[in-house]
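Survey of secondary and tertiary structure
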Amino acid sequence: MEVMTAFAICMVLLLILLLVGVPLPYCFAGALTFMVATCGIPIKSLFVWGYSQMISTSLMAVPMFIIAGNLIAESSIAEKLVDLARIFVGKVKGALGCICVVVCGIMGAISGSAFTGIAALGSIMIPELQKEGYSRGFATSLVTCSSILGTLIPPSIPIIVLGWTTGISILGCFMAT
């Protein structure tokens, strides 16, 4: 069977298995088994390739970012960062919104993830923003949109994964942002 035809059938099989409700690892295992059986790819080479991809030094940074994010979310670091940003921003109109953006940027630079900013600052900043007169919807959207800075400020998990999957230099990806 031609490789492109087998690939198309494999994708259809994968979608059918997903729609039926088969757990995700079994869907990929079924599609992979179909590709190995129809294209004559030696299964041993797939294991060797998978192992060589998983021992990448670039991927070692991802669990470290996750650990840093959990430390920030579970400790009082977020409150201390809010106090620090309050000193720098001062008493200007809309200062609390600016503090939220600044602290989300700092947390994104530390943890490399947008979700850390939401988890750690959402419970702190949303009630404070509501006390200052902001609506709950605006306060929530401000924290959520500010947390996206975590993916834009290097080092970030998405940039590392992008560089790893595409083969681009991680340093080159950081310099491009």
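This section reports on the structure supplied with the text. (Residues numbered from 1 in each chain as written. Predicted model: local features only at pLDDT ≥ 70, side-chain atom pairs only at ≥ 80, totals over all residues. Heavy atoms only, no water.)

Along the chain, the position of Ser147 falls in helix H8 (residues 136-147). Sequence-distant contacts of Ser147, that is, excluding residues within four places in its chain, are made with Cys104, Ala114, Gly117 and Ile118. (Helix = DSSP H or I, 4+ residues; strand = E, 2+ residues; numbered from the N terminus. Contact = heavy atoms within 4.5 Å.)

Helix length check: helix H5 (residues 77-89) (13 residues) gives 18 Å between terminal C-alpha atoms against 18 Å at 1.5 Å per residue, within 8%. On the buried face of H5, the contacting elements are helix H4 (61-74), helix H6 (95-111) and helix H7 (114-131). Positive backbone phi, approximately 80 degrees, marks Gly90, located one or two places after H5. (Expected span 1.5 Å × (residues − 1).)

Below, the discussion takes up the pattern of salt bridges. It is possible for side chains of opposite charge to pair when their charged atoms get near one another. Considering all chains together, one arrives at one salt bridge under this definition. Arg86 is the salt-bridge partner of Glu128, the closest N and O atoms lying 2.9 Å from each other. With a gap of 42 residues between them, Glu128 in helix H7 and Arg86 in helix H5 connect regions that are remote in the sequence. Judged by its relative accessible area of 35%, Arg86 falls in the partly exposed class. (Salt bridge = Lys/Arg side-chain N within 4 Å of Asp/Glu carboxyl O. Buried < 20%, exposed > 50% of the residue type's maximum accessible area, 1.4 Å probe, protein only.)

Put simply, H6 and H8 touch, their axes get as near as 8 Å, and they point 30 degrees apart. Accordingly, the angle class assigned to the pair H6 and H8 is roughly parallel. Handedness of the crossing formed by H6 with H8: right-handed. Contact residues: H6 offers Gly97, Cys100, Val101 and Cys104, while H8 offers Leu142, Val143, Ser146 and Ser147. Looking at the contact of H6 with H8, its residues break down into five nonpolar, three polar and no charged. (Axes fitted to C-alpha atoms, helices over the stretch in contact; angles between N-to-C directions. Parallel < 35°, antiparallel > 145°, perpendicular 65-115°, else oblique. Left-handed = near helix turned anticlockwise from the far one by under 90°. Nonpolar A, V, L, I, M, F, W, Y, C, P; charged D, E, K, R; others polar.)

Describing an aromatic ring pair means giving the distance of the ring centres and the angle of the ring planes. If you walk through the whole model with that rule in mind, you get one aromatic pair. With centroids separated by 5.5 Å and ring planes inclined at 10 degrees, the aromatic side chains of Tyr134 and Phe138 adopt a geometry described as stacked. Relative accessible area serves as the criterion here: at 24%, Tyr134 is assigned to the partly exposed category. (Phe/Tyr/Trp six-rings, centres within 6.5 Å; stacked < 30°, edge-to-face > 60°.)

Time to look at the nonpolar core. Grouped together as the largest cluster of nonpolar side chains are 20 residues, with contacts concentrated most on Val82, Ile99, Val103, Met107, Leu121, Met125 and Leu129. Sorting the residues of this core by element identifies H5, H6, H7 and H8 as the ones contributing at least two each. Setting aside chain neighbours within four positions, we find Val82 in contact with Ile99, Val103, Leu121, Ile124 and Met125. (Core = buried A, V, L, I, M, F, W, Y, C linked by side-chain atoms within 4.5 Å.)

A cluster of nonpolar side chains, Leu15, Leu18, Leu24 and Phe28, forms an exposed patch at the surface whose accessible area comes to about 380 Å². Those elements that place two or more of their residues in the nonpolar patch are helix H1 (3-20) and helix H2 (24-39). Tracing the chain through its elements places Phe28 in helix H2. Residue class for Phe28 comes out partly exposed when judged on its relative accessible area of 46%. (Patch = residues over 30% accessible without salt bridge, like charges linked within 9 Å, V, L, I, M, F, W, Y side chains within 5 Å. Areas by Shrake-Rupley, 256 points an atom, 1.4 Å probe, with all protein chains shown as cover.)

Now for the environment of Leu32. Within the secondary structure, Leu32 is located in helix H2. Of the residues examined, Leu32 reaches a relative accessible area of 41% and is grouped as partly exposed. Put simply, Leu32 and Tyr51 are 19 residues apart on the chain and 16 Å apart in space, counted from C-alpha to C-alpha.

Bringing the packing of H5 against H6 into the picture now. At a minimum axis separation of 9 Å, H5 and H6 run at an interaxial angle of 125 degrees. In this view, H5 runs oblique relative to H6, as classed from their interaxial angle. The interaxial crossing formed by H5 with H6 has right-handed handedness. Across the interface between the two elements, Ala78, Leu81, Val82, Ala85, Arg86 and Val89 of H5 pack against Ala95, Leu96, Cys98, Ile99, Val102, Val103, Ile106 and Met107 of H6. Residue classes in the contact of H5 with H6 are distributed as 13 nonpolar, no polar and one charged.

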